[in-house]
Amino acid sequence: RGVNLTIPHKEAAYALAHRVDDAARAAGAVNLLIFHDDGSLEGRNTDAEGLAASLTAGGIALNGAPAVLLGAGGAARAAILSLDQLGAGEIRILSRNPTSGKTLAAALAPFVKARLIPAPFSDWPTAARDTKLLVNATSAGMKGQPPLDLPLDPLPKDAAVTDLIYNPLTTDLLARAKARGHVTIDGLGMLMHQAAPSFAAFYGITPTVTPHLRADLEQALI
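Residues numbered from 1 in each chain as written. Predicted model: local features only at pLDDT ≥ 70, side-chain atom pairs only at ≥ 80, totals over all residues. Heavy atoms only, no water.

1. Remarks on the packing of aromatic side chains
Piece 1. Within the structure shown, the criterion is met by 2 aromatic pairs.
Piece 2. For the pair F202 and Y203, a centre-to-centre distance of 6.2 Å together with 85° between the ring planes defines the contact as edge-to-face.
Piece 3. Members of the aromatic cluster, each reached through a chain of ring pairs, are F199, F202 and Y203.
Piece 4. Above the face of the F121 ring, R96 is positioned so that its terminal group lies 4.2 Å from the ring centre. (Phe/Tyr/Trp six-rings, centres within 6.5 Å; stacked < 30°, edge-to-face > 60°. Lys NZ or Arg CZ within 6 Å of the ring centre and 35° of its normal.)

2. Some words on the sheet that holds strand β7 (residues 115–120)
Piece 1. Pairing within the open sheet is parallel, and its 6 strands lie in the order β7-β6-β5-β8-β9-β10. Looking at strand neighbours, the two that pair on one side only are β7 and β10 (184–185), the edges of this open sheet.
Piece 2. Two strands pair when backbone bridges link them, and strand β9 (residues 160–163) and β10 are joined in this way by 2 bridges, in the parallel orientation. Within β10, the residue paired with V161 across the bridge is T184.
Piece 3. Lying on the sheet, helix α7 (residues 172–179) is in contact with β8 (133–136), β9 and β10; it crosses β9 at an angle near 165°. (Pairing = 2+ DSSP bridges. Helix = DSSP H or I, 4+ residues; strand = E, 2+ residues; numbered from the N terminus. Contact = heavy atoms within 4.5 Å. Axes fitted to C-alpha atoms, helices over the stretch in contact; angles between N-to-C directions.)

3. What about unusual backbone geometry?
Piece 1. For the bond running from N167 to P168, omega is 10°, close enough to zero to count as cis.
Piece 2. Relative to the elements of secondary structure, P168 occurs in the loop between β9 and α7.
Piece 3. Look at N63: it is not a glycine, yet its phi comes out positive at around 50°.
Piece 4. Here N63 shows up in the loop between α3 (47–57) and β5 (66–70).
Piece 5. Classification of N63 as exposed rests on a relative accessible area of 67%. (Buried < 20%, exposed > 50% of the residue type's maximum accessible area, 1.4 Å probe, protein only.)

4. Some words on the packing of helix α4 (residues 74–85) against helix α5 (residues 98–108)
Axes are the key here: two packed helices are described by the angle between their axes and the distance separating the axes.
Piece 1. In the contact formed by α4 and α5, the axes pass within 11 Å of each other and the chain directions differ by 45°. Between α4 and α5, the crossing angle belongs to the class labelled oblique. In the packing of α4 onto α5, the handedness of the crossing is right-handed. Across from A76, R77, I80 and L81 in α4, the residues of α5 making contact are L104, A107 and L108.
Piece 2. Classifying every residue of the contact of α4 with α5 gives 6 nonpolar, no polar and 1 charged. (Parallel < 35°, antiparallel > 145°, perpendicular 65-115°, else oblique. Left-handed = near helix turned anticlockwise from the far one by under 90°. Nonpolar A, V, L, I, M, F, W, Y, C, P; charged D, E, K, R; others polar.)

5. Observations concerning the nonpolar core
Piece 1. If you look at the biggest cluster of nonpolar residues, it comprises 33 residues, and the most contacted ones within it are I80, L83, I91 and L133.
Piece 2. At the level of elements, α2 (22–27), α3, β5, α4, β6 (90–95), α5 and β8 are the ones that each hand at least two residues to this core.
Piece 3. Take this core: its biggest share by element is 7 residues, from α4.
Piece 4. Ignoring sequence-local partners within four residues, the contact set of L83 consists of L55, L62, A67, A88, I91, L133 and V135.
Piece 5. With 19 residues, the next largest nonpolar core counts L70, F121, A159 and V161 among its residues. (Core = buried A, V, L, I, M, F, W, Y, C linked by side-chain atoms within 4.5 Å.)

6. Digging into the sheet that holds strand β3 (residues 32–35)
Two pairing modes exist for strands in a sheet, parallel and antiparallel, and in both the strands are linked by backbone hydrogen bonds.
Piece 1. Within the open sheet, the 4 strands sit side by side as β1-β3-β4-β2. Their pairing is mixed. Edge positions in the sheet fall to β1 (2–4) and β2 (19–20), since each has one partner strand and no second.
Piece 2. Across 4 bridges, the pairing between β3 and strand β4 (residues 41–44) is antiparallel. Following the sheet pairing, I34 is matched in β4 by E42.

7. A few points about the pairing of β4
Piece 1. Judged from the 2 bridges that link them, β2 and β4 form a sheet pairing that is parallel. Note on β4: the bridge partner recorded for V20 is G43.
Piece 2. Counting the residues between successive antiparallel strands, the hairpin from β3 to β4 contains 5 residues, one of them, G39, with a positive phi of roughly 90°.

Don't take any of this as a statement about function, it's just geometry.
Written as structure tokens, this is what we have:
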């Protein structure tokens, strides 16, 4: 019936799809391809919905506060939509390639109310100053990849930290943030919540994300 996709295939999947939903169009990325009987491919993006649901379940409500987003790829696009949905007043997009950040901000600006501010990674100390949420949407820290090289000293003590990576479940970033006393949210919540609408598309049944489901998935990741 279709497939779920993860990085680095989301933008390529968007290019392959014959039609896409509003979320995918805004994000410029697809994480769900549905195969139709006429041979056409329908692209959807459930990442934004999944991240927003995961952060809400973790008690995150931005209410006009700024957020810092690391990365400028497909996952970052969905993250911007989620952060805007949660009420971010300003989203500071830090990327190693400043051009990518500027391109992303220009592409997403028409779809969100939040102010989008692209900046190089070197601006992290300034960007972190009054942020309420740090989101890692890069692959740094993923199994087989080097950890994210980001000092957390500039981060306010009351800021939360989330990593979209779920393998490993506790990335180096989350471990360091937890040691400093920050609220941390791993990528498993987003994985579960983005999968629910995909499951519904495949099987016609919308599953409920439960603590029992999370416990089963945590065991699978060990």
